[in-house]
Amino acid sequence: MFKIIFRFLVITLIAVALGIGIYYLLQPSSAATLGSGFRDFGREGGFREGGFSLVRGFFGITGNLILIAIVTMIVVSIQKLFSLARLPKS
Amino acid sequence: MKSLKTNFWLDAFIFAGFLAALQPRLTGIAIHEWLAVAATATLVLHVVLHWDWAVGITKKFFSNLFHVSRLNYLVGALLFVAFTAVITSGLVISRVVMPAFGLQTFSSRSWLEIHNASSNLTLLLVALHFALHWSWVKNTFQRLILDPFKHPRPQTQSRPQVLPMPMKDIKAL
């Protein structure tokens, strides 16, 4: 139990240190206006401007699940391709 | 079996929570923020449960050049950094969590864009992490969810009923 608590604290400390690092690393650049080239998949920006919408929220989750499914299909196909390539010729 | 079950349900819980937290439109900003804070704690627990694996790979990271574990390790490390960036930028622009602790935050378009970009990156990395563990997810799902339905456990044999001794036999003793 002590071991688990110790590990939990170590990882939390690493995350906090990393978070502080990221904050100070990005702080100067955040003062300047970033180009709005990032695609917001209907998330926070849209929420703050558009407000709460259950239907749009579910559409968003479905979109994210589709993205995960596509990435999974691609990766599994590549893995299968490589595992087939490694099979000895009969 | 117990740790497999724990890992599977914890991971499923994190995955569902992550998907919901990515959609503030669905949850509203307050739940979005508190859900992200809760997700951070469960994610740390996820890393704790895979501590031995992470330490093992760290030790032999450079000894074996081509190994799928190295890719898993790199994706996991990147995911940790990206998620930390999401949480940090989220806390900077927080409107519920930080004010609840009496800390003032500022509304910054730039931090919001950093928050969006890092959450998009995190989503892609989660997808990659999920894809790399697809066979584990599939097998564990089959073992824990589908198999109990397909092959239900035979009912345990009931213990032989012990009948009370008749009174006359007791008297005979």
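Because the structure is predicted, anything quoted here is derived from the model rather than measured.

What counts as what
Residues numbered from 1 in each chain as written. Chains lettered and ligands numbered in written order. Predicted model: local features only at pLDDT ≥ 70, side-chain atom pairs only at ≥ 80, totals over all residues. Helix = DSSP H or I, 4+ residues; strand = E, 2+ residues; numbered from the N terminus. Buried ≥ 20, exposed ≤ 12 C-beta atoms within 10 Å, placed from the backbone. Contact = placed C-beta atoms within 7 Å. Nonpolar A, V, L, I, M, F, W, Y, C, P; charged D, E, K, R; others polar. Bend = angle between axes of the 7 residues up to and from the residue. Core = buried A, V, L, I, M, F, W, Y, C linked by C-beta atoms within 7 Å. Expected span 1.5 Å × (residues − 1). pLDDT = per-residue confidence, 0-100. Axes fitted to C-alpha atoms, helices over the stretch in contact; angles between N-to-C directions. Left-handed = near helix turned anticlockwise from the far one by under 90°.

Chemist: I'd like to hear about the overall build of chain B, residue by residue, with values.
Modeler: Looking only at helices and strands, one finds nine helices and zero strands in chain B. Listing each helix as α and each strand as β along chain B from the N terminus yields α-α-α-α-α-α-α-α-α. When the 173 residues of chain B are sorted by exposure, 24% land in the buried category. Once local pairs closer than 6 in sequence are excluded, the contacts in chain B between residues at least 24 apart make up 64%.

Chemist: Give me the overall build of chain A: which residues, what numbers.
Modeler: A count of helices and strands for chain A gives three helices and zero strands. For chain A, the α and β elements follow one another from N to C terminus as α-α-α. Taking all 90 residues of chain A together, 13% fall into the buried category.

Chemist: I'd love a proper account of the interface of chain B and chain A, names of residues and values included.
Modeler: Contact residues are listed per partner, giving 38 residues for chain B and 39 residues for chain A. Elements supplying a minimum of two residues to the side of chain B that touches chain A: helix H2 (24-27), helix H3 (29-49), helix H5 (68-92) and helix H7 (109-132) of chain B. If you tally residues by element for the side of chain B that touches chain A, the top one is H7(B), at 17 residues. Taken together, the residues of the side of chain B that touches chain A sort by class into 25 nonpolar, ten polar and three charged.

Chemist: Talk me through helix H8 (residues 134-150) of chain B; I want residue IDs and the actual numbers.
Modeler: For H8(B), the principal kink sits at B:Arg143 and spans about 40°. Among the 17 residues in H8(B), zero count as buried, and that is only a small part of the element.

Chemist: With reference to specific residues and values, describe the nonpolar core.
Modeler: Judged by nonpolar contacts, the single largest core of 29 residues is most densely connected at B:Phe83, B:Ala127 and B:Leu128. Residue assignment for this core shows that the elements contributing at least two residues are helix H3 (54-85) of chain A together with helix H1 (2-21), H3, H5 and H7 of chain B. With ten residues, H7(B) is the single largest residue contributor to this core. With near-sequence residues (within four places) excluded, B:Leu128 lies in contact with A:Val71, A:Val75 and B:Val75.

Chemist: Now, about H5(B): what can you tell me, with residues and values included?
Modeler: The end-to-end C-alpha distance of H5(B), which contains 25 residues, comes to 36 Å, matching closely the 36 Å that a straight helix rising 1.5 Å per residue would cover. Among all positions of H5(B), only B:Phe80, B:Ala82, B:Phe83, B:Thr84, B:Ala85, B:Val86, B:Ile87, B:Thr88, B:Ser89, B:Gly90, B:Leu91 and B:Val92 are buried.

Chemist: So what's going on with the confidence of the model for chain A? Which residues, and what values?
Modeler: Residue and element names in this part refer to chain A. Per-residue pLDDT for chain A averages 75, and the proportion of residues at 70 or more is 66%. Least confident of the elements in chain A is helix H2 (residues 44-50), whose mean pLDDT is 49; most confident is H3, at 86. Contacts from residues 32-42, a stretch scored under 50 in pLDDT, to residues over four places away or in other chains number 17 contacts.

Chemist: Report on the packing of H3(B) against H5(B), specifying residues and quantitative values.
Modeler: All names here are of chain B. Here H3 crosses H5 at 145°, and the two axes come no closer than 11 Å. In this structure, H3 crosses over H5, and the sense of that crossing is left-handed. Across the interface between the two elements, Glu 33, Ala 36, Thr 40 and Leu 43 from H3 touch Phe 83, Ile 87 and Gly 90 from H5. Residues belonging to the contact of H3 with H5 are distributed by class as follows: four nonpolar, two polar and one charged.

Chemist: Account for the environment of B:Val126, with residues named and values stated.
Modeler: Structurally, B:Val126 is set in helix H7. Separated by 48 residues in sequence, B:Val126 and B:Leu78 have C-alpha atoms that sit 10.0 Å apart.

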